[in-house]
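Residue-level listing of the chains:
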Amino acid sequence: MKYEGWAIYDEAGIQRIAAAADILSRLFGYLTPLIRPGVSTAELDARAEEFIRAEGGEPAFKGYKPPFEDAAYPYTLCVSINHEVVHGLPSPTRILQEGQIVSIDCGVRVDGFHADMAYTFAVGEVPPPVQKLLWVTRTALERAIAQVRAGVALGTIGHTIHNFVKGYTFAVAENLTGHGVGVAMHMEPDVPNVGKPGQGPRLPANLVIAIEPMVHMGGKRIKKGADGWAVETSDGSLAAHFEHTVVVRPGGAQVLTSFEPIYQALAHV
Ligand code: MF3
Ligand code: CO
């Protein structure tokens, strides 16, 4: 991975990341009621771009060439359906259907500062085991966030996620990690979803990281999809992905992206 150094900021920098995170949080509230059977993923992408620009931000993924790819990403959102883990492409022919799960991942930039967030939604009703996958992934992220404070070892974060997910017999996606974020989309450090408690670098105060567990119902293996972007589970099992941008503070995590679907949706009306 290519990085631009550790993502550590002064308060002015953190405020600018927070401004991007605020747009992103409200974007998810705006999108929530649109995520239903029959909507095209291209329409979600178009609405997302429109919303971000109207709020004074820029879609950070659009035109961004990730360190792990050869080409620039062409859209505002990554929209990953069912067995797609991350980097699913919006398309007019990819229409959401009842019973699917869909992971929406988005980055917003304001004044050169980035925030990153993802959330997996059920499209209509999904059966209890699928609800459990969403709950376990979201709760793994919450548990990891609860471990964050200045001085914590990176391995403790990864261990918290992996250990929680294992307990429900799901798998953490191999080789996919969170990351430092701010003046670039992907910065140091890598934030793995596995680890040993107390091992690895200790997180300094004012580090900003995107923590993002990606969890499979089946095995941990991943493969590249036919379109060259999507990352899918090798066994075709369902995958979920939740991500927040957080600041490491002496007393704990300051979560910059927040998401309470109903509150956020109402706040936009
Ligand atoms: N959202 C991904 C991450 O969380 C990055 C997507 S980059 C893109 O790290 F270019 F694929 F959009
Ligand atoms: Co990310």
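To be clear, the structure that these remarks concern was listed above.
Parameters and conventions
- Residues numbered from 1 in each chain as written.
- Chains lettered and ligands numbered in written order.
- Predicted model: local features only at pLDDT ≥ 70, side-chain atom pairs only at ≥ 80, totals over all residues.
- Heavy atoms only, no water.
- Near = heavy atom within 4 Å.
- Polar contact = N/O pair within 3.5 Å; in protein donor to acceptor, adjacent residues only side chain to side chain.
- Areas by Shrake-Rupley, 256 points an atom, 1.4 Å probe, with all protein chains shown as cover.
- Donors = N, O, S within 2.8 Å, 3.2 Å for Na, K, Ca; no water.
- Helix = DSSP H or I, 4+ residues; strand = E, 2+ residues; numbered from the N terminus.
- Buried < 20%, exposed > 50% of the residue type's maximum accessible area, 1.4 Å probe, protein only.
- Expected span 1.5 Å × (residues − 1).
- Contact = heavy atoms within 4.5 Å.
- Core = buried A, V, L, I, M, F, W, Y, C linked by side-chain atoms within 4.5 Å.

What follows is about the site of ligand 1. Taken together, 13 residues surround ligand 1, and among them Phe 61, Asp 105, Asp 116, His 186 and Glu 212 come closest. Here a nitrogen atom of ligand 1 and a side-chain polar atom of Asp 105 are 2.6 Å apart. A distance of 2.7 Å separates an oxygen atom of ligand 1 from a polar side-chain atom of His 186. Notes on ligand 1: free accessible area 330 Å², of which the protein chains cover 97%.

Before going further, it helps to examine the coordination of the cobalt ion (ligand 2). Protein coordination of the cobalt ion (ligand 2) is provided by Asp 116 (OD), His 179 (NE2), Glu 212 (OE) and Glu 243 (OE), with donor distances spanning 2.0 to 2.2 Å. Written as a sequence motif, the donor residues of the cobalt ion (ligand 2) are D-x62-H-x32-E-x30-E. Residue Glu 212 is located in the loop between β9 (208–211) and β10 (214–216), and its partner Glu 243 is located in the loop between β13 (239–241) and β14 (244–249); the two are separated by 31 residues in the primary sequence. For the pair formed by Glu 212 and Glu 243, the shared burial category is buried.

What follows concerns helix α4 (residues 154–166). For α4, built from 13 residues, the straight-helix expectation of 18 Å at 1.5 Å per residue is met to within 8% by its first-to-last C-alpha distance of 19 Å. Taken together, the buried positions of α4 are Leu 154, Gly 155, Thr 156, Ile 157, Gly 158, Thr 160, Ile 161, Phe 164 and Val 165. Buried residues in α4 make contact with α3 (128–147), β6 (171–172), β8 (187–191), β9 and β10.

Below, the discussion takes up the nonpolar core. Judged by nonpolar contacts, the single largest core of 71 residues is most densely connected at Leu 27, Ile 104 and Ile 211. Sort the elements by how many residues they give to this core and helix α1 (residues 11–31) lands first, with ten residues. Once residues within four sequence positions are removed from consideration, Ile 211 is found in contact with Leu 141, Ala 144, Ile 145, Val 148, Ile 157, Ile 161, Val 191, Phe 242, Glu 243, His 244 and Val 246.

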